[in-house]
Amino acid sequence: MRPESTAIVTGGARGIGQSICVELARRGADVVVADLNGDEMAETETLVEETGQRCVGVETDVSSADSVGSTVDWVLDEFGSIECLVNNAGIAGPTAPCEDVQPEDWEQTLAVNLKGPFQMCRAVIPQMKQASYGRIVNIASVTGKRPLPNRTPYATSKMGVIGLTRTLAAEVGGENINVNAVCPGSVEGPRIRKVFERQASETGRTYEEIRGDVERETARGELVEREDVADLVGYLCSEQSKRITGQDINVSAGKIMY
Ligand SMILES: NC(=O)c1ccc[n+]([C@@H]2O[C@H](COP(=O)([O-])OP(=O)(O)OC[C@H]3O[C@@H](n4cnc5c(N)ncnc54)[C@H](O)[C@@H]3O)[C@@H](O)[C@H]2O)c1
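To keep things clear, this report deals only with the structure shown in the data block. (Residues numbered from 1 in each chain as written. Predicted model: local features only at pLDDT ≥ 70, side-chain atom pairs only at ≥ 80, totals over all residues. Heavy atoms only, no water.)

1. Some points on empty space enclosed by the protein
Link 1 in the chain: Inspection of every chain in the model, using the stated rule, returns 1 cavity of 30 Å³ or more.
Link 2 in the chain: Each pocket or cavity is described by its volume, and for the largest cavity that value is around 40 Å³.
Link 3 in the chain: Every residue lining the largest cavity is listed: Gly185, Ser186, Val214, Thr218, Glu222, Leu223, Val224, Ser252 and Lys255.
Link 4 in the chain: Residue composition of the lining of the largest cavity, grouped by class: 3 nonpolar, 4 polar and 2 charged. (1 Å grid on protein atoms, 1.4 Å probe; cavity = no way out; pocket = protein on both sides within 12 Å on 5 of 7 lines; lining within 4 Å. Points joined across faces, edges and corners; volume = space filled by probe spheres on them. Nonpolar A, V, L, I, M, F, W, Y, C, P; charged D, E, K, R; others polar.)

Encoded structure:
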């Protein structure tokens with residue numbers, strides 16, 4: 001991590017985003033948590049401050065251009081520069097066959113998962129160009145690379161995130177700004193446990209059977225921990241990853257290999 005870096009992590013109030021905030025702080029960054037949920041940011045702030053770094057939560061809706069603009073302006077006033085941006089905020093969107101997906105649910109999923117990262121990037125890039133330095137990491141998904149039936153809005157948004165990553169990396173690489181995507185598989189935590197419980201009640205199978213199927217889909221036979229994702233994000237935000245850009249790297253315990 002560059003000395004005295006400031007990192008913005010969207011959706012950092014909980015889950016994978018929270019682990020990313022802590023990892024970037026351990027590597028020496030001050031962290032701005034940009035999350036919709038202003039009430040839940042205190043836990044991340046405490047965890048980051050325990051590392052000795054500064055942490056500020058700024059209530060932000062990544063789907064709103066105005067909200068994104070005022071957050072980035074505030075961070076630049078307060079911290080002077082933004083070295084790292086991690087676009088992690090995301091929603092699952094509806095689970096339904098394509099013909100039953102409501103257009104407003106489609107729009108909402110794309111607005112948070114794809115327009116959100118675009119808006120954050122366009123807000124931070126002018127300053128990164130001025131500084132001739134930047135590290136941007138977009139959290140996509142293995143579902144950004146392979147189909148997930150009944151999740152068209154989510155899959156489309158994550159495939160779009162990989163397109164955004166590659167195109168932007170080609171645009172700004174010459175200005176020493178790297179843009180990469182990280183593609184997690186199924187990550188251990190409350191979100192995946194709820195999915196397994198729902199599938200178990202829908203199919204009449206047990207929670208353990210459903211979970212076992214998902215584990216057996218991976219080369220290592222296990223789910224991913226949120227810290228596994230955070231470790232890679234930390235590396236991609238560091239100086240060591242200088243010549244890695246435009247990539248979409250899986251953290252999936254070997255669920256997919258492309
Ligand atoms: N959990 C998994 O198994 C998994 C797998 C692959 C990819 N991902 C991706 O990783 C990212 C984080 O997932 P998670 O499981 O930690 O999610 P989560 O639901 O636990 O946390 C998401 C965070 O984003 C925030 N958020 C939601 N909408 C927002 C908005 N409009 N503006 C700002 N913040 C907003 C929420 O308040 C929350 O704090 C997402 O992009 C998700 O698609 C997760």
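2. Considering the environment of Gly254
Link 1 in the chain: When you line up the elements, Gly254 lands in the segment after strand 7 (248–251).
Link 2 in the chain: Separated by 102 residues in the primary sequence, Gly254 and Thr152 place their C-alpha atoms 23 Å from one another.
Link 3 in the chain: Apart from residues no more than four positions distant in its own chain, Gly254 is found in contact with Glu217, Thr218 and Ala219. (Helix = DSSP H or I, 4+ residues; strand = E, 2+ residues; numbered from the N terminus. Contact = heavy atoms within 4.5 Å.)

3. Things to note about helix 7 (residues 207–216)
Link 1 in the chain: Restricting attention to buried positions, one finds in helix 7 the residues Ile210, Arg211, Gly212 and Val214.
Link 2 in the chain: At its buried positions, helix 7 is contacted by helix 6 (190–203). (Buried < 20%, exposed > 50% of the residue type's maximum accessible area, 1.4 Å probe, protein only.)

4. Overview of the sheet that holds strand 6 (residues 177–184)
Link 1 in the chain: Strand order in this open sheet of 7 strands is 3-2-1-4-5-6-7, and the pairing throughout is parallel. The sheet is open, and its two borders are formed by strand 3 (55–59) and strand 7, each paired with just one other strand. Across the sheet, the axes of successive neighbouring strands diverge by a mean angle of 20°, strand direction being ignored.
Link 2 in the chain: As judged from the 4 bridges shared by strand 6 and strand 7, these two strands associate in the parallel manner. (Pairing = 2+ DSSP bridges. Axes fitted to C-alpha atoms, helices over the stretch in contact; angles between N-to-C directions.)

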